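Single-letter residue listing:
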Amino acid sequence: ETGVTQSPTHLIKTRGQQVTLRCSSQSGHNTVSWYQQALGQGPQFIFQYYREEENGRGNFPPRFSGLQFPNYSSELNVNALELDDSALYLCASTPRQGRRVGYTFGSGTRLTVV
Amino acid sequence: AQTVTQSQPEMSVQEAETVTLSCTYDTSESNYYLFWYKQPPSRQMILVIRQEAYKQQNATENRFSVNFQKAAKSFSLKISDSQLGDTAMYFCAFMNGGSGNTGKLIFGQGTTLQVKP
(Lines give C-alpha, C1' and ligand atoms only; values in the text may rest on other atoms or scores of the structure.)
Protein backbone atom coordinates (compact mmCIF):
# COMPACT_ATOMS: atom_id res chain seq x y z
CA GLU A 1 0.00 0.00 0.00
CA THR A 2 1.24 3.49 -0.74
CA GLY A 3 1.79 5.93 2.09
CA VAL A 4 1.02 9.62 2.28
CA THR A 5 2.55 11.62 -0.53
CA GLN A 6 2.96 15.39 -0.60
CA SER A 7 3.88 17.79 -3.35
CA PRO A 8 5.92 19.78 -3.94
CA THR A 9 8.79 18.88 -1.61
CA HIS A 10 10.21 22.40 -1.58
CA LEU A 11 8.74 25.75 -2.49
CA ILE A 12 9.91 29.36 -2.39
CA LYS A 13 7.31 32.13 -2.45
CA THR A 14 7.32 35.88 -2.04
CA ARG A 15 5.53 37.63 0.80
CA GLY A 16 1.94 38.43 -0.17
CA GLN A 17 1.64 35.58 -2.67
CA GLN A 18 -0.67 32.58 -2.43
CA VAL A 19 0.38 28.94 -2.28
CA THR A 20 -1.31 25.55 -2.68
CA LEU A 21 0.14 22.40 -1.17
CA ARG A 22 -1.13 18.95 -2.09
CA CYS A 23 -1.50 15.66 -0.26
CA SER A 24 -2.56 12.18 -1.31
CA SER A 25 -3.71 10.13 1.64
CA GLN A 26 -2.80 6.54 2.28
CA SER A 27 -5.07 4.01 0.62
CA GLY A 28 -8.15 3.37 2.76
CA HIS A 29 -7.70 6.51 4.83
CA ASN A 30 -10.63 8.95 4.71
CA THR A 31 -9.42 11.55 7.20
CA VAL A 32 -6.68 14.07 6.49
CA SER A 33 -4.98 16.55 8.81
CA TRP A 34 -2.50 19.33 8.15
CA TYR A 35 0.25 20.52 10.47
CA GLN A 36 2.74 23.39 10.43
CA GLN A 37 6.18 22.65 11.85
CA ALA A 38 8.53 25.57 12.43
CA LEU A 39 12.24 24.79 12.51
CA GLY A 40 13.20 22.98 15.72
CA GLN A 41 9.62 22.86 17.00
CA GLY A 42 6.84 20.32 17.27
CA PRO A 43 4.09 20.33 14.64
CA GLN A 44 1.06 22.56 15.20
CA PHE A 45 -2.40 21.39 14.12
CA ILE A 46 -3.93 23.51 11.35
CA PHE A 47 -7.12 21.60 10.51
CA GLN A 48 -8.64 18.23 9.73
CA TYR A 49 -10.96 17.10 6.92
CA TYR A 50 -13.37 14.19 6.94
CA ARG A 51 -15.81 13.44 4.13
CA GLU A 52 -14.79 16.64 2.37
CA GLU A 53 -15.69 18.85 5.32
CA GLU A 54 -13.49 20.59 7.87
CA ASN A 55 -14.26 19.03 11.25
CA GLY A 56 -11.55 20.53 13.42
CA ARG A 57 -9.33 23.60 13.31
CA GLY A 58 -6.35 24.85 15.26
CA ASN A 59 -5.37 28.41 16.06
CA PHE A 60 -4.68 29.56 12.50
CA PRO A 61 -6.18 32.57 10.69
CA PRO A 62 -8.75 32.19 7.89
CA ARG A 63 -6.11 32.77 5.23
CA PHE A 64 -5.22 29.13 5.88
CA SER A 65 -7.88 27.10 4.10
CA GLY A 66 -8.23 23.61 2.75
CA LEU A 67 -10.12 21.19 0.60
CA GLN A 68 -10.67 17.46 0.58
CA PHE A 69 -11.70 15.69 -2.60
CA PRO A 70 -13.89 12.60 -3.10
CA ASN A 71 -10.77 10.45 -3.42
CA TYR A 72 -9.71 11.76 0.02
CA SER A 73 -6.75 13.72 -1.31
CA SER A 74 -6.41 17.21 0.10
CA GLU A 75 -5.07 20.70 -0.52
CA LEU A 76 -3.81 23.35 1.87
CA ASN A 77 -4.10 26.92 0.60
CA VAL A 78 -2.40 29.87 2.23
CA ASN A 79 -3.21 33.39 1.07
CA ALA A 80 -1.28 36.61 1.67
CA LEU A 81 1.88 34.79 2.69
CA GLU A 82 3.88 36.19 5.57
CA LEU A 83 7.51 35.56 6.46
CA ASP A 84 6.41 33.60 9.54
CA ASP A 85 4.61 31.12 7.30
CA SER A 86 8.00 29.68 6.42
CA ALA A 87 7.87 26.14 7.81
CA LEU A 88 7.53 22.46 7.03
CA TYR A 89 3.91 21.59 6.26
CA LEU A 90 2.97 18.03 7.09
CA CYS A 91 -0.05 16.11 5.92
CA ALA A 92 -1.31 13.10 7.87
CA SER A 93 -4.04 10.60 7.10
CA THR A 94 -5.90 7.98 9.05
CA PRO A 95 -8.95 5.76 8.96
CA ARG A 96 -11.85 7.27 10.85
CA GLN A 97 -10.65 5.66 14.07
CA GLY A 98 -7.32 7.43 13.87
CA ARG A 99 -7.10 8.03 17.54
CA ARG A 100 -6.68 4.29 18.05
CA VAL A 101 -4.33 3.47 15.21
CA GLY A 102 -2.40 6.70 14.88
CA TYR A 103 -1.81 8.92 11.88
CA THR A 104 0.43 8.25 8.89
CA PHE A 105 2.46 11.30 7.93
CA GLY A 106 3.96 12.39 4.65
CA SER A 107 7.46 13.81 4.29
CA GLY A 108 6.16 17.34 4.11
CA THR A 109 6.53 20.42 1.96
CA ARG A 110 9.24 22.87 2.97
CA LEU A 111 7.84 26.37 2.31
CA THR A 112 10.15 29.36 2.36
CA VAL A 113 8.63 32.84 2.19
CA VAL A 114 11.04 35.61 1.19
CA ALA B 1 -6.15 23.19 27.36
CA GLN B 2 -3.94 20.17 26.96
CA THR B 3 -0.18 20.60 26.90
CA VAL B 4 2.73 18.25 26.28
CA THR B 5 6.21 18.91 27.68
CA GLN B 6 9.48 17.26 26.74
CA SER B 7 12.16 18.58 29.06
CA GLN B 8 15.19 17.06 27.31
CA PRO B 9 16.06 19.02 24.14
CA GLU B 10 18.98 16.72 23.31
CA MET B 11 20.20 13.31 24.39
CA SER B 12 22.89 10.91 23.28
CA VAL B 13 23.45 7.20 23.83
CA GLN B 14 26.05 4.66 22.83
CA GLU B 15 25.04 2.04 20.34
CA ALA B 16 23.52 -1.05 22.04
CA GLU B 17 22.79 0.86 25.23
CA THR B 18 19.39 1.83 26.64
CA VAL B 19 17.98 5.36 26.73
CA THR B 20 14.80 6.85 28.17
CA LEU B 21 13.09 9.95 26.82
CA SER B 22 10.77 11.87 29.12
CA CYS B 23 7.35 13.33 28.45
CA THR B 24 4.74 14.88 30.71
CA TYR B 25 1.31 16.12 29.75
CA ASP B 26 -1.53 18.03 31.27
CA THR B 27 -5.20 17.28 30.71
CA SER B 28 -8.46 17.08 32.58
CA GLU B 29 -9.75 14.39 30.24
CA SER B 30 -9.94 10.74 31.29
CA ASN B 31 -10.18 9.31 27.78
CA TYR B 32 -7.16 10.04 25.61
CA TYR B 33 -4.35 8.55 23.58
CA LEU B 34 -0.61 9.09 23.75
CA PHE B 35 1.91 8.58 20.99
CA TRP B 36 5.63 8.70 20.36
CA TYR B 37 6.68 9.74 16.87
CA LYS B 38 10.17 9.67 15.37
CA GLN B 39 11.28 12.23 12.78
CA PRO B 40 14.58 11.40 11.05
CA PRO B 41 16.33 13.85 8.71
CA SER B 42 14.04 12.58 5.94
CA ARG B 43 11.35 14.66 7.72
CA GLN B 44 8.66 11.98 7.69
CA MET B 45 6.99 11.57 11.07
CA ILE B 46 6.97 7.85 11.89
CA LEU B 47 4.74 6.34 14.58
CA VAL B 48 6.87 4.48 17.12
CA ILE B 49 4.35 3.44 19.74
CA ARG B 50 0.90 4.36 21.07
CA GLN B 51 -0.86 4.01 24.41
CA GLU B 52 -4.55 4.15 25.22
CA ALA B 53 -5.14 5.86 28.56
CA TYR B 54 -7.69 3.32 29.74
CA LYS B 55 -5.17 0.49 29.41
CA GLN B 56 -2.99 0.05 32.46
CA GLN B 57 -0.51 -2.21 30.68
CA ASN B 58 2.43 -0.38 29.18
CA ALA B 59 2.71 -0.65 25.41
CA THR B 60 5.72 -2.33 23.82
CA GLU B 61 6.89 -2.56 20.21
CA ASN B 62 10.05 -4.63 19.80
CA ARG B 63 12.90 -2.51 21.27
CA PHE B 64 10.55 0.33 22.20
CA SER B 65 8.47 0.43 25.38
CA VAL B 66 6.73 3.06 27.41
CA ASN B 67 6.32 3.76 31.10
CA PHE B 68 2.82 5.20 31.38
CA GLN B 69 2.09 6.76 34.76
CA LYS B 70 -1.47 8.08 34.45
CA ALA B 71 -1.70 9.67 37.89
CA ALA B 72 1.59 11.48 37.37
CA LYS B 73 0.67 12.30 33.75
CA SER B 74 3.98 10.92 32.59
CA PHE B 75 4.68 8.96 29.40
CA SER B 76 8.35 8.09 28.90
CA LEU B 77 9.85 6.13 26.02
CA LYS B 78 12.55 3.52 26.57
CA ILE B 79 14.69 2.44 23.64
CA SER B 80 16.65 -0.74 24.28
CA ASP B 81 19.66 -1.92 22.30
CA SER B 82 19.95 1.48 20.58
CA GLN B 83 20.87 1.40 16.91
CA LEU B 84 22.42 4.06 14.68
CA GLY B 85 19.13 4.21 12.77
CA ASP B 86 17.39 5.40 15.93
CA THR B 87 19.11 8.78 15.53
CA ALA B 88 16.24 11.23 15.04
CA MET B 89 14.04 13.78 16.70
CA TYR B 90 11.41 12.16 18.93
CA PHE B 91 8.06 13.76 19.64
CA CYS B 92 5.56 12.88 22.32
CA ALA B 93 1.96 13.58 21.31
CA PHE B 94 -1.47 13.66 22.96
CA MET B 95 -4.91 13.17 21.46
CA ASN B 96 -8.23 13.66 23.19
CA GLY B 97 -10.34 10.54 22.87
CA GLY B 98 -13.65 12.02 23.94
CA SER B 99 -16.73 12.65 21.83
CA GLY B 100 -15.44 16.11 20.91
CA ASN B 101 -12.27 14.68 19.42
CA THR B 102 -11.26 16.52 16.27
CA GLY B 103 -8.27 14.34 15.56
CA LYS B 104 -5.93 17.03 16.81
CA LEU B 105 -2.54 15.77 17.90
CA ILE B 106 -0.79 18.00 20.42
CA PHE B 107 2.96 17.61 20.16
CA GLY B 108 5.76 18.34 22.58
CA GLN B 109 8.83 20.35 21.60
CA GLY B 110 10.79 17.23 20.71
CA THR B 111 13.99 15.54 21.90
CA THR B 112 16.90 15.11 19.52
CA LEU B 113 18.47 11.71 20.07
CA GLN B 114 21.91 10.88 18.75
CA VAL B 115 23.11 7.28 18.83
CA LYS B 116 26.90 7.12 18.83
CA PRO B 117 28.89 4.19 17.42
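Residues numbered from 1 in each chain as written. Chains lettered and ligands numbered in written order. Predicted model: local features only at pLDDT ≥ 70, side-chain atom pairs only at ≥ 80, totals over all residues. Heavy atoms only, no water.

1. Here we look at the interface of chain A and chain B
Taken together, the contacts link 26 residues of chain A with 23 residues of chain B. Taking both sides of the interface into account, the surface hidden between chain A and chain B amounts to around 1900 Å²; carbon and sulfur atoms contribute 51%. Our count for the chain A to chain B interface comes out at zero salt bridges. Looking at side-chain class alone, the side of chain A that touches chain B contains eight nonpolar, 15 polar and three charged residues. (Contact = heavy atoms within 4.5 Å. Buried area = accessible area lost by both parts, 1.4 Å probe. Salt bridge = Lys/Arg side-chain N within 4 Å of Asp/Glu carboxyl O. Nonpolar A, V, L, I, M, F, W, Y, C, P; charged D, E, K, R; others polar.)

2. Overview of the pattern of salt bridges
All names here are of chain A. Applying the stated rule across the entire model yields seven salt bridges over all chains. In this structure, the salt-bridge partner of Glu75 is Arg22, at a minimum N-O distance of 3.5 Å. Taken together, the residues span a long stretch of sequence, with Glu75 in strand β8 (residues 74–78) and Arg22 in strand β3 (residues 19–24) at a distance of 53 residues. Taking the relative accessible area as the measure of exposure, Glu75 reaches 15% and is therefore buried. Given the relative accessible area of 43%, Arg22 is considered partly exposed. (Helix = DSSP H or I, 4+ residues; strand = E, 2+ residues; numbered from the N terminus. Buried < 20%, exposed > 50% of the residue type's maximum accessible area, 1.4 Å probe, protein only.)

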